[in-house]
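Okay, here's what each chain looks like letter by letter:
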Amino acid sequence: MSKKYAAITGVQGALPSYVLTNSELETMVDTNDEWITSRTGIQERRILKETDKAASDLAAEAVEKLLAKTGTPKDEIELVIVATVTGDQVFPDTANITCDKVGIKNAFGFDINAACSGFLFALTTGAQYIETGRLKKVIVVGVDIMSSIIDYSDRATCIIFGDGCGAVLLEASTDYGVIDSVFKGDGSGREFLHMKAGGSLKPTSQESLDNREHFVYQEGRTVFKSAVKGMVSTVQAVMKRNNLSADDVTWVVPHQANIRIIQSVADMMDFPMERVMLNIAKYGNTTAATLPLCLWDYESKLKKGDNVILTAFGGGFTWGATYIKWGYGAAE
Ligand code: UT7
């Protein structure tokens, strides 16, 4: 019996309509467009303004459109995995809420919390259900409403993050799909990127609210250096294991945290920037959503058989790289 791979057979994004520009941020904190653009590459980001909407609403929109564009009946979906650190509530999981909103009745669902690496970890988890033959159709979503945990008086973080969602459909293929992944974690990195309160370590209290401890805390420089090192080492490892040279890689899809991180990784790996997917200027850092949003934005450029390397680094620390052989789009 030939080996089964889990191929991505469709990709779809969903974004809030409100655009938060660098010039609007200039009116909120002591910053300027020149600093933000040159230090991060970000020009604008999307923000979910509707107070009755949450992560599951963007996820439901992406999943509904994904089902429509791939012609997939709702009742054929057997599993929905949502990667997020900003789910609707601490529990239940956002995957189940998403299924309810879409009307998916035959699936189970769960969330994966691995910050910016969440989509990669969820993709490989979903792929394994397909590879074993246990399931036939799996949806993997990356969604984050970072505006719900950002302090808009902290210029070091509020200029970076945005809200967004991307979703992919996975189905079996003998030739295309998720080929291999190298994933890593280092919990000692938690001190550099975290939210101080709201979990079992420090439940919400008047004191935690007064101390503004329900927002993202980041030591940017340390995270920056670790991100470059972590992404380069895992990309190198997955390429080596699959005998790929830089020339064999059609597209690199890096987590969109900072244009300078992306350029450093590309330089160190000898990847020309024309083959590196970029959308950070439009959306900023949407945490678990950056990778599927890149695939969505570049979908029309992707061709059957392209070698695609995705890589991410984020809170935890968590990081890794995944090698995919792309499964659709006209071959050249
Ligand atoms: O997705 C999860 C993973 N996250 C990341 O990968 C993020 C990694 N880190 C970064 O992207 C960058 O470290 C930041 C964008 C967060 C910060 O850029 P940086 O070049 O590392 O700046 P810095 O923190 O070293 O700060 C340099 C200066 C400081 O001023 P002084 O001390 O030199 O006077 C900051 O106070 O820039 C100042 N600064 C700002 N100035 C204007 C910090 N934020 C701002 C701002 N506008 N928004």
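Residue numbering note: each chain is counted from 1, following its sequence as written. In view of the model being predicted, local features appear only for residues whose pLDDT reaches at least 70, and side-chain atom pairs are presented and counted only at 80 or more, with totals across whole chains, interfaces and linings using the full set of residues. As a convention, hydrogens and water are excluded, and side-chain values are obtained from all of the structure's heavy atoms.

Draft legend 1. View of the overall build of the protein. Note on conventions: DSSP H or I runs of at least 4 residues are helices, E runs of at least 2 residues are strands, and numbering of each starts at the N terminus. On a plain count of helices and strands, the protein comes out with eleven helices and 13 strands. Within these notes, the globule rule equals 2.2 Å times the number of residues to the 0.38 power, and the radius of gyration is based on C-alpha atoms. Against the compact-globule benchmark of 20 Å for 332 residues, the protein has a radius of gyration of 19 Å, which places it among compact chains. Based on the C-alpha atoms only, the size of the protein along its principal axes is roughly 60 × 45 × 35 Å. In this scheme, a residue with accessible area under 20% of its type's maximum is buried, one over 50% is exposed, and one in between is partly exposed, where area comes from a 1.4 Å probe on protein chains only. In the protein, which comprises 332 residues, the share counted as buried stands at 53%. In the protein, the share of contacts with a sequence separation of at least 24, taken over all contacts with a separation of at least 6, comes to 76%. In the form shown here, the protein has an accessible surface area of approximately 14,500 Å², with 49% of it arising from carbon and sulfur atoms. A gap of 4 Å separates the mean positions of the 33 positive and 41 negative side-chain charges of the protein. Contacts are assigned to residue pairs with any non-hydrogen atoms lying within 4.5 Å of each other. Exposure was quantified through the Shrake-Rupley algorithm and a 1.4 Å probe, taking into account, for residues, occlusion by the shown protein chains and nothing else. Only four residue types enter the charge count, namely Lys and Arg as positive and Asp and Glu as negative; His and the chain termini do not. In this description, the location of a charge corresponds to atom NZ of lysine, CZ of arginine, CG of aspartate or CD of glutamate.

Draft legend 2. Structural detail: the site of the ligand. Whether a residue is near a molecule or strand depends on its heavy atoms: it is near if one of them lies within 4 Å of it. Around the ligand, the structure places 23 residues, and the nearest of them are Thr 31, Arg 221, Asn 258, Arg 260 and Asn 285. Here a polar contact means two N or O atoms within 3.5 Å. Within protein one must be a hydrogen donor candidate and the other an acceptor candidate, and residues neighboring in sequence count only if both atoms are side-chain atoms. Between a nitrogen atom of the ligand and a side-chain N or O atom of Gln 218, the distance comes to 3.1 Å. Here an oxygen atom of the ligand sits 2.9 Å away from a polar atom, N or O, in the side chain of His 255. For the ligand, the protein covers 76% of the area, taking 950 Å² as the surface of the free molecule. When residues of the shell around the ligand are traced back to their parent elements, those giving at least two are α2 (33–40), α6 (155–158), α8 (220–241) and α9 (259–269). For the shell around the ligand, the leading source of residues is α8, giving four residues. In the shell around the ligand, the residues fall into eleven nonpolar, seven polar and five charged. Residue polarity is assigned by list, with Asp, Glu, Lys and Arg as charged and Ala, Val, Leu, Ile, Met, Phe, Trp, Tyr, Cys and Pro as nonpolar; anything else, Gly included, falls into the polar class.

Draft legend 3. Broad picture of the packing of helix α3 (residues 55–70) against helix α4 (residues 94–102). Interaxial distance between α3 and α4 falls to 9 Å at its minimum, and their mutual angle equals 55°. By the criterion of interaxial angle, the relationship of α3 to α4 is oblique. For the pair α3 and α4, the sense of crossing is right-handed. Seen from α3, the contacting residues are Ala 55, Ser 56, Asp 57, Ala 59, Ala 60, Val 63, Glu 64 and Leu 67; seen from α4, they are Thr 94, Ile 97, Thr 98, Lys 101 and Val 102. Tallied by class, residues from the contact of α3 with α4 come to seven nonpolar, three polar and three charged. Simply put, an axis is a line fit to the C-alpha atoms, just over the touching stretch for a helix, and the angle between two N-to-C directions goes from 0 to 180 degrees. When describing relative orientation, an angle under 35 degrees is termed roughly parallel and one over 145 degrees roughly antiparallel, while 65 to 115 degrees is termed roughly perpendicular and anything else oblique. By definition, turning the near helix anticlockwise from the far helix through less than a right angle yields a left-handed crossing, and turning it clockwise yields a right-handed one.

Draft legend 4. The sheet that holds strand β4 (residues 79–83), seen in detail. Whether two strands pair comes down to DSSP finding at least two bridges between them. Taken in spatial order, the five strands make up an open sheet running β1-β7-β6-β4-β5, and their pairing is mixed. The sheet is open, and its two borders are formed by β1 (5–14) and β5 (108–112), each paired with just one other strand. Along the sheet, successive strands turn relative to each other by an average axial angle of 20°, direction set aside. Inspection of the sheet shows strand β6 (residues 137–145) paired to strand β7 (residues 163–173) by nine bridges, in the antiparallel sense. Residue pairing across strands places Asp 144 opposite Gly 164, the latter belonging to β7. Contacting β1, β4, β5, β6 and β7, helix α5 (residues 118–131) runs over the sheet at an angle of about 170° to β6. Across the sheet, helix α11 (residues 290–297) lies against β1, β6 and β7, angled at about 85° from β1, the strand it touches most.

Remember that the coordinates give geometry; whether it matters functionally is a separate question.
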